[in-house]
Amino acid sequence: MRRTFIWILMLALPMAAHASERYRHASIDAQGRLQIFLASGGERSPGKLHGQTGFDAAAVSADGDRVGWLALYPNCCTSYPVALALVLYRDGAIRRVFTGNGLAFSTWHFAANGRQVAFEQETVHGHRGVHYELRDIASGRLLGHYEGDPAVTAPRWVRELTPSPTAAPDAGAAQYRE
């Protein structure tokens, strides 16, 4: 009997260690609060980081394991806050915060089925100093970086962050052709 109990315990521990919250959707409500909806039907509303004034661009990873968002902070030179951090949330807590090179985040997404994030940063006005990073979420390790406007030869993860000019034309941005 005791041996059976030990075997059951040994089999159950690894399963319990891998149990985690699963996320269905994330959004920012009319009051500016981040709302995270669990696959099980619950809801989470994480607080802001120190000095943070708002949330933007919330998304759930394809595997439903993580939620990410941009943290907005006051900016001396604009009348609106800017995104200065990418925050990643898992199992009910903030697990990682990326700040890249310190410029404002313009876009980001999960990659590699939620194991990586890719993001673009640039100056608030003027589209100068464009910077891209690809990061491993578990370790935080930098997997790749790219500087400047993406050329046809830019890594795929960089080109995926930049909309094609025919899909989203922007008079202030350079035109790219592939």
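Below you will find a few notes about this structure. (Residues numbered from 1 in each chain as written. Predicted model: local features only at pLDDT ≥ 70, side-chain atom pairs only at ≥ 80, totals over all residues. Heavy atoms only, no water.)

### Points about the nonpolar core
- Judged by nonpolar contacts, the single largest core of 13 residues is most densely connected at Tyr23, Leu34, Ile36, Val67, Trp69, Ala71 and Tyr89.
- Residue assignment for this core shows that the elements contributing at least two residues are strand E1 (23-28), strand E2 (34-38), strand E5 (67-73) and strand E6 (82-90).
- Ranked by residue count, the leading element in this core is E5, at 4 residues.
- The residues contacting Val67, other than those within four sequence positions of it, are Tyr23, Ala26, Ile36, Ala59, Val60, Val87, Leu88, Tyr89 and Phe110.
- Core analysis: the second largest hydrophobic core is formed by 12 residues, Leu72, Ala83, Leu88 and Phe119 among them. (Core = buried A, V, L, I, M, F, W, Y, C linked by side-chain atoms within 4.5 Å. Buried < 20%, exposed > 50% of the residue type's maximum accessible area, 1.4 Å probe, protein only. Helix = DSSP H or I, 4+ residues; strand = E, 2+ residues; numbered from the N terminus. Contact = heavy atoms within 4.5 Å.)

### Some details on the sheet that holds E5
- Read across the open sheet, the 4 strands follow the order E4-E5-E6-E7; overall the sheet is antiparallel. The sheet is open, and its two edges are formed by strand E4 (54-60) and strand E7 (93-98), each paired on a single side. Neighbour to neighbour, the strand axes of the sheet diverge by 30° on average, direction disregarded.
- Of the strand pairs in this sheet, E6 and E7 are connected by 5 bridges, and their pairing is antiparallel. Bridging across to E7, Leu88 finds its partner in Arg96. (Pairing = 2+ DSSP bridges. Axes fitted to C-alpha atoms, helices over the stretch in contact; angles between N-to-C directions.)

### Description of the packing of aromatic side chains
- What the rule picks out here adds up to 7 aromatic pairs.
- With a centroid separation of 4.8 Å and an interplanar angle of 50°, the aromatic rings of Phe105 and Phe119 are classed as tilted. Of this pair, Phe105 sits in strand E8 (residues 104-111) while Phe119 sits in strand E9 (residues 116-122), placing them 14 residues apart in sequence.
- Relative accessible area serves as the criterion here: at 6%, Phe105 is assigned to the buried category.
- On the accessibility criterion, Phe119 (0% relative accessible area) is buried. (Phe/Tyr/Trp six-rings, centres within 6.5 Å; stacked < 30°, edge-to-face > 60°.)

### Looking at the side chain of Asp65
- Mapped onto the secondary structure, Asp65 falls in the loop between E4 and E5.
- A distance of 3.1 Å separates a polar atom in the side chain of Asp65 from a polar atom in the side chain of Arg90.
- Those residues in contact with Asp65, other than ones at most four positions away along the chain, are Ser20, Glu21, Arg22, Tyr23, Tyr89 and Arg90. (Polar contact = N/O pair within 3.5 Å; in protein donor to acceptor, adjacent residues only side chain to side chain.)

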